[in-house]
Amino acid sequence: MTRKKLKKMRSAQIPKLEPIIYDKDLSAFDLSNYVDVFDTELVLADYDWMNYTLSASISTKEYGDMKVEFEYFGAIFCVMTVETEKWKYSFRFDTDLFEEHIIRFLRKHIKNWKEEYAFNGLEEVVSFYNDVLTSPSTVEEKATVLRRKKNH
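Bear in mind the structure is a predicted one, so any value in this text is a computation, not a measurement.

Before going further, it helps to spend a moment on the overall build of the protein. A count of helical and extended segments in the protein gives 3 helices and 6 strands. In sequence order, the secondary structure elements of the protein are arranged as α-β-β-β-β-β-α-α-β. A buried classification covers 34% of the 152 residues belonging to the protein. By sequence separation, contacts in the protein at least 24 residues apart represent 50% of the contacts at least 6 residues apart.

Listed below in C-alpha coordinates is the structure:
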(Lines give C-alpha, C1' and ligand atoms only; values in the text may rest on other atoms or scores of the structure.)
Protein backbone atom coordinates (compact mmCIF):
# COMPACT_ATOMS: atom_id res chain seq x y z
CA MET A 1 0.00 0.00 0.00
CA THR A 2 1.36 3.43 -0.91
CA ARG A 3 1.91 6.21 1.64
CA LYS A 4 -0.72 8.35 -0.07
CA LYS A 5 -3.38 5.64 0.25
CA LEU A 6 -2.40 4.97 3.86
CA LYS A 7 -2.64 8.69 4.72
CA LYS A 8 -6.05 8.88 3.02
CA MET A 9 -7.28 5.87 5.02
CA ARG A 10 -6.08 7.43 8.28
CA SER A 11 -7.70 10.78 7.57
CA ALA A 12 -10.99 9.05 6.70
CA GLN A 13 -11.06 7.64 10.25
CA ILE A 14 -10.92 11.07 11.90
CA PRO A 15 -14.36 12.68 11.96
CA LYS A 16 -14.78 16.29 10.95
CA LEU A 17 -15.61 18.62 13.83
CA GLU A 18 -19.00 20.28 13.54
CA PRO A 19 -20.45 23.30 15.35
CA ILE A 20 -22.04 22.61 18.72
CA ILE A 21 -25.67 23.59 19.11
CA TYR A 22 -26.16 25.85 22.12
CA ASP A 23 -29.73 26.09 23.35
CA LYS A 24 -31.43 26.98 26.63
CA ASP A 25 -31.76 23.28 27.55
CA LEU A 26 -28.03 22.62 26.92
CA SER A 27 -29.14 19.59 24.89
CA ALA A 28 -25.72 19.09 23.23
CA PHE A 29 -23.93 18.68 26.55
CA ASP A 30 -23.45 15.69 28.82
CA LEU A 31 -24.81 16.91 32.14
CA SER A 32 -24.41 13.63 34.04
CA ASN A 33 -21.62 15.17 36.13
CA TYR A 34 -22.69 18.82 36.17
CA VAL A 35 -19.84 19.92 38.46
CA ASP A 36 -17.13 19.03 35.92
CA VAL A 37 -19.01 19.82 32.70
CA PHE A 38 -17.82 23.39 32.12
CA ASP A 39 -14.49 24.86 33.04
CA THR A 40 -12.83 27.93 31.49
CA GLU A 41 -9.47 29.57 32.05
CA LEU A 42 -8.22 32.85 30.60
CA VAL A 43 -4.50 33.63 30.71
CA LEU A 44 -3.17 37.05 29.65
CA ALA A 45 0.63 36.87 29.65
CA ASP A 46 2.50 39.99 28.51
CA TYR A 47 5.93 39.36 29.99
CA ASP A 48 8.02 38.91 26.82
CA TRP A 49 5.33 38.94 24.19
CA MET A 50 1.56 38.95 24.03
CA ASN A 51 0.41 35.41 24.73
CA TYR A 52 -3.31 35.18 25.41
CA THR A 53 -5.01 31.84 25.91
CA LEU A 54 -8.64 30.97 26.54
CA SER A 55 -9.12 27.30 27.32
CA ALA A 56 -12.19 25.32 28.26
CA SER A 57 -13.20 21.83 29.19
CA ILE A 58 -16.56 20.85 27.77
CA SER A 59 -18.43 17.58 28.04
CA THR A 60 -20.59 16.94 24.96
CA LYS A 61 -22.85 14.12 23.89
CA GLU A 62 -21.35 14.07 20.38
CA TYR A 63 -17.61 14.22 21.12
CA GLY A 64 -17.38 13.29 24.81
CA ASP A 65 -14.97 15.32 26.93
CA MET A 66 -13.33 18.09 24.91
CA LYS A 67 -10.48 20.44 25.72
CA VAL A 68 -10.73 23.56 23.54
CA GLU A 69 -7.97 26.16 23.49
CA PHE A 70 -7.79 29.47 21.63
CA GLU A 71 -4.39 31.10 21.45
CA TYR A 72 -3.24 34.56 20.39
CA PHE A 73 0.51 35.18 20.20
CA GLY A 74 0.92 38.45 18.30
CA ALA A 75 0.90 37.02 14.78
CA ILE A 76 -1.59 37.73 11.98
CA PHE A 77 -3.35 34.48 12.85
CA CYS A 78 -4.43 32.59 15.95
CA VAL A 79 -4.74 28.90 16.72
CA MET A 80 -7.62 26.81 18.06
CA THR A 81 -6.72 23.35 19.35
CA VAL A 82 -9.43 20.83 20.13
CA GLU A 83 -8.65 17.59 21.89
CA THR A 84 -11.18 14.83 22.45
CA GLU A 85 -10.61 11.43 23.98
CA LYS A 86 -9.60 10.03 20.57
CA TRP A 87 -8.56 12.93 18.32
CA LYS A 88 -6.66 16.20 18.30
CA TYR A 89 -7.38 19.01 15.85
CA SER A 90 -5.59 22.27 15.11
CA PHE A 91 -7.08 25.24 13.23
CA ARG A 92 -5.60 28.57 12.16
CA PHE A 93 -7.95 31.58 12.19
CA ASP A 94 -7.91 35.39 11.94
CA THR A 95 -6.93 37.55 14.92
CA ASP A 96 -10.06 39.68 14.42
CA LEU A 97 -12.14 36.69 15.51
CA PHE A 98 -10.03 36.26 18.65
CA GLU A 99 -10.34 39.95 19.50
CA GLU A 100 -14.13 39.92 19.03
CA HIS A 101 -14.68 36.88 21.24
CA ILE A 102 -12.18 37.72 23.97
CA ILE A 103 -13.79 41.15 24.42
CA ARG A 104 -17.25 39.56 24.59
CA PHE A 105 -15.98 36.95 27.08
CA LEU A 106 -14.41 39.61 29.34
CA ARG A 107 -17.45 41.91 29.23
CA LYS A 108 -19.81 39.10 30.26
CA HIS A 109 -17.37 37.91 32.90
CA ILE A 110 -17.04 41.36 34.47
CA LYS A 111 -20.80 41.97 34.28
CA ASN A 112 -21.31 38.68 36.13
CA TRP A 113 -19.24 39.82 39.14
CA LYS A 114 -22.41 41.28 40.63
CA GLU A 115 -24.43 38.09 40.15
CA GLU A 116 -25.10 35.35 42.65
CA TYR A 117 -23.46 32.58 40.60
CA ALA A 118 -20.00 32.36 39.05
CA PHE A 119 -19.54 33.00 35.34
CA ASN A 120 -18.70 29.77 33.50
CA GLY A 121 -18.25 31.16 29.97
CA LEU A 122 -19.76 28.13 28.24
CA GLU A 123 -21.97 30.11 25.87
CA GLU A 124 -19.06 32.34 24.81
CA VAL A 125 -16.64 29.45 24.33
CA VAL A 126 -19.16 27.50 22.24
CA SER A 127 -19.89 30.61 20.15
CA PHE A 128 -16.14 31.17 19.63
CA TYR A 129 -15.59 27.49 18.71
CA ASN A 130 -18.51 27.59 16.24
CA ASP A 131 -17.32 30.84 14.65
CA VAL A 132 -13.80 29.46 14.15
CA LEU A 133 -15.16 26.28 12.53
CA THR A 134 -17.53 28.16 10.22
CA SER A 135 -15.30 31.11 9.27
CA PRO A 136 -14.37 30.97 5.57
CA SER A 137 -10.81 32.03 6.41
CA THR A 138 -10.20 29.23 8.94
CA VAL A 139 -7.70 26.58 7.88
CA GLU A 140 -7.56 23.12 9.45
CA GLU A 141 -3.86 22.62 10.06
CA LYS A 142 -3.83 19.14 11.48
CA ALA A 143 -6.02 16.30 12.69
CA THR A 144 -4.45 13.34 14.44
CA VAL A 145 -5.52 10.17 16.21
CA LEU A 146 -4.40 10.11 19.83
CA ARG A 147 -2.75 6.96 21.02
CA ARG A 148 -3.53 6.52 24.69
CA LYS A 149 -1.47 4.20 26.85
CA LYS A 150 -3.49 1.47 28.49
CA ASN A 151 -3.20 1.15 32.26
CA HIS A 152 -2.36 -2.34 33.38
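That shown, we press on.
Two elements, strand 1 (residues 38-45) and strand 2 (residues 51-60), share 8 bridges in a ladder whose sense is antiparallel. In the strand pairing of strand 2, Asp39 is matched with Ser57. Hairpin connection, strand 1 to strand 2: the antiparallel pair is bridged by 5 residues.

The next point concerns helix 2 (residues 95-111). Given 3.6 residues to a turn, an α-helix orients residues that are three or four positions apart in the same direction. Here helix 2 contains 17 residues, and its C-alpha end-to-end distance of 24 Å stays within 8% of the 24 Å for a straight helix at 1.5 Å per residue. Where helix 2 is concerned, the buried positions are Thr95, Leu97, Phe98, His101, Ile102 and Phe105. Seen along its axis, helix 2 keeps its buried residues to an arc of 145°; they face one direction. The outward face of helix 2, more than 90 degrees from its buried face, is lined by the exposed residues Asp96, Arg107 and Lys111.

What follows concerns the pattern of salt bridges. Under the counting rule described, the total for this entry stands at 4 salt bridges. Between Glu100 and Arg104 there is a salt bridge, and its shortest N-O distance comes to 2.7 Å. Note that Glu100 and Arg104 are positioned in helix 2 at a spacing of 4 residues, about one turn of the helix. Classification of Glu100 by relative accessible area gives partly exposed; the value is 38%. Across the pair Lys108 and Glu124 runs a salt bridge whose closest N-O atoms are separated by 2.7 Å. With a gap of 16 residues between them, Lys108 in helix 2 and Glu124 in helix 3 (residues 122-134) connect regions that are remote in the sequence. Overall, Glu124 belongs to the buried group, its relative accessible area being 6%. Put simply, Glu100, Arg104, Lys108 and Glu124 are held in one network by salt bridges that share partners.

What follows concerns the packing of aromatic side chains. In this structure the tally under the stated criterion is 7 aromatic pairs. Aromatic side chains Phe70 and Phe128 sit 3.7 Å apart centroid to centroid with 5° between the ring planes, which places their arrangement in the stacked category. Highlighted residues: Phe70 in strand 3 (residues 64-72) and Phe128 in helix 3, separated in sequence by 58 residues. The exposure class assigned to Phe70 is buried, which follows from its relative accessible area of 0%. Within the aromatic cluster, the residues linked to one another by ring pairs are Tyr52, Phe70, Tyr72, Phe93, Phe98 and Phe128. Here the basic side chain of Arg92 rests over the ring of Phe77, its NZ or CZ set 5.5 Å away from the ring centre.

Calculation notes
- Residues numbered from 1 in each chain as written.
- Predicted model: local features only at pLDDT ≥ 70, side-chain atom pairs only at ≥ 80, totals over all residues.
- Heavy atoms only, no water.
- Helix = DSSP H or I, 4+ residues; strand = E, 2+ residues; numbered from the N terminus.
- Buried < 20%, exposed > 50% of the residue type's maximum accessible area, 1.4 Å probe, protein only.
- Contact = heavy atoms within 4.5 Å.
- Pairing = 2+ DSSP bridges.
- Expected span 1.5 Å × (residues − 1).
- Arc of directions from axis to C-beta.
- Salt bridge = Lys/Arg side-chain N within 4 Å of Asp/Glu carboxyl O.
- Phe/Tyr/Trp six-rings, centres within 6.5 Å; stacked < 30°, edge-to-face > 60°.
- Lys NZ or Arg CZ within 6 Å of the ring centre and 35° of its normal.

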